[in-house]
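Single-letter residue listing:
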Amino acid sequence: MKVGVKPYPCCRYMHAPLDLLLDLAETESIDPATVESVRVRIATPGIELIGHPENTYPQSFVDAQFSMPFGSALALGRRDAGVDTFLETVDGDIPDDLRRLVDRTTVESAEWIDDAYPEKWAADVVVETTDETYEAATEYASGEPEKPLSWDELVAKFDELVVPVVGESATADARDRIETLESTDVAALVEPFARDRSSVTTPSTTD
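Computed from a prediction, not measured in an experiment: that's the story for all the values here. (Residues numbered from 1 in each chain as written. Predicted model: local features only at pLDDT ≥ 70, side-chain atom pairs only at ≥ 80, totals over all residues. Heavy atoms only, no water.)

Details of the overall build of the chain
Quick reminder of the rule: Labels follow the DSSP assignment, with helices taken as runs of H or I lasting at least four residues and strands as runs of E lasting at least two, numbered in each case from the N terminus. C-alpha atoms define the radius of gyration in this analysis, and the globule rule sets the expected value at 2.2 Å times the number of residues to the power 0.38. Throughout, exposure labels follow a simple rule: accessible area from a 1.4 Å probe, protein chains only, divided by the maximum for the residue type, with under 20% read as buried, over 50% as exposed, and the rest as partly exposed. Values of accessible area rely on a 1.4 Å probe in the Shrake-Rupley scheme; residue burial ignores everything except the protein chains shown.
When helices and strands are counted, the chain shows ten helices and four strands. Counting from the amino terminus, helix and strand elements in the chain follow one another as α-β-α-α-α-α-α-β-α-β-β-α-α-α. Taking 2.2 N^0.38 as the reference for a compact globule, 207 residues should give roughly 17 Å; the C-alpha atoms of the chain span a radius of gyration of 19 Å, in line with that estimate. Each of the three principal axes of the chain carries a C-alpha extent, and together these read 55 × 40 × 30 Å. Counting across all 207 residues of the chain, residues that qualify as buried make up 41%. Here the chain displays about 11300 Å² of accessible surface, and carbon together with sulfur accounts for 50% of that area.

What follows is the structure in structure tokens.
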């Protein structure tokens, strides 16, 4: 129960800001076309990893996993930061509406965040639009033991990752067995993954 689970397919330093940006985009109905600036503040050690200016426009999925400006653009511009959204956006030229948001995002540190680190991977964000300024902060990213994912959230990520690999039927069977893990033996647990998958198309993460 002390294990962290990552809801987004990217560097953990990006998770707390993504939580905040996705929540603001949804609850405040932020129109991405009105965004003037996005300030993301995280612990200082994370800035080199996810705020490096040379990785503003990711050229690969791995680049995207370490680009906070890109993640911010997805959160505000697509209101989603799942693996499919990451892959679809990186596969080709980044659309102009997302480039606009990338260009308006900065990544900085903050004293209160550094003081809490590494016990807490906190973050805060400020989104300025033409009409209003929105601010939010959190001490923990979703998926941490202090802020665990719900079963439905775990299932959503599991399905997103597993269905393309083993198909819907095997995924459903595996999910049911995992839910009763305490009374399921190992052989039964892995059986759905050992089935013939010749008809299942696996998405590529490379060009």
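Still more ground to cover, so stick around.
Describing the pattern of salt bridges
Close approach of charged atoms allows side chains with opposite charge to pair. Stated formally: For salt bridges, the criterion is a side-chain nitrogen of Lys or Arg within 4 Å of an Asp or Glu carboxyl oxygen.
Here the structure, examined in full by the defined rule, presents nine salt bridges. As a salt-bridge pair, Arg-79 and Glu-26 come within 3.9 Å of each other at their nearest N and O atoms. One end of the pair, Arg-79, is in the loop between helix H4 (68-77) and helix H5 (83-90); the other, Glu-26, is in helix H1 (residues 15-27), with 53 residues separating them in the sequence. What makes Arg-79 partly exposed here is its relative accessible area of 35%. Several salt bridges converge on common partners, so that one network encompasses Asp-173, Arg-177, Glu-191 and Arg-195.

Some remarks on a nonpolar patch on the surface
The condition that has to hold: Like-charged residues within 9 Å of one another, or nonpolar side chains (Val, Leu, Ile, Met, Phe, Trp, Tyr) within 5 Å, are grouped into patches, provided each residue has over 30% relative accessible area and no salt bridge.
Taken together, Val-5, Trp-151, Leu-154 and Ile-178 make up a surface patch of nonpolar side chains, about 290 Å² in accessible area. Classification of Val-5 as partly exposed rests on a relative accessible area of 31%.

Describing helix H9 (residues 168-179)
Quick reminder of the rule: What a helix should span is 1.5 Å times the count of its residues minus one. As used here, the arc is the angular range of directions from the helix axis to the C-beta atoms. Residue contacts are defined here by distance: any two heavy atoms, one from each residue, within 4.5 Å place the two residues in contact.
Over its twelve residues, H9 runs 16 Å from end to end, which matches the ideal 16 Å to within 8%, given 1.5 Å per residue. Listed as buried for H9 are Ala-170, Thr-171 and Ala-174. The buried residues of H9 occupy an angular sector of 100° when projected down its axis, which confines them to one face. Residues of H9 that are exposed and angled more than 90 degrees away from the buried face: Glu-168 and Ser-169. If you follow the buried residues of H9, they end up packed against helix H8 (151-166).

Points about empty space enclosed by the protein
The following threshold applies: A cavity here means a set of 1 Å grid points, computed over protein atoms only, where a 1.4 Å probe fits but cannot escape. A pocket is an open set with protein on both sides within 12 Å along at least 5 of 7 lines, and lining residues have an atom within 4 Å of a point. Grid points are joined across faces, edges and corners, and a volume is the space filled by probe spheres set on the points. For this scheme, ten residues count as nonpolar: Ala, Val, Leu, Ile, Met, Phe, Trp, Tyr, Cys and Pro. Four count as charged, namely Asp, Glu, Lys and Arg, and the remainder, Gly too, count as polar.
This model, assessed by the stated rule, comprises one cavity of 30 Å³ or more. If you add up the space inside the largest cavity, you get close to 50 Å³. Together, Arg-12, Tyr-13, Ala-16, Pro-17, Ile-42, Ala-43, Tyr-117, Trp-121, Ala-122 and Ala-123 line the largest cavity. Looking at the lining of the largest cavity residue by residue, the classes come out as nine nonpolar, no polar and one charged.

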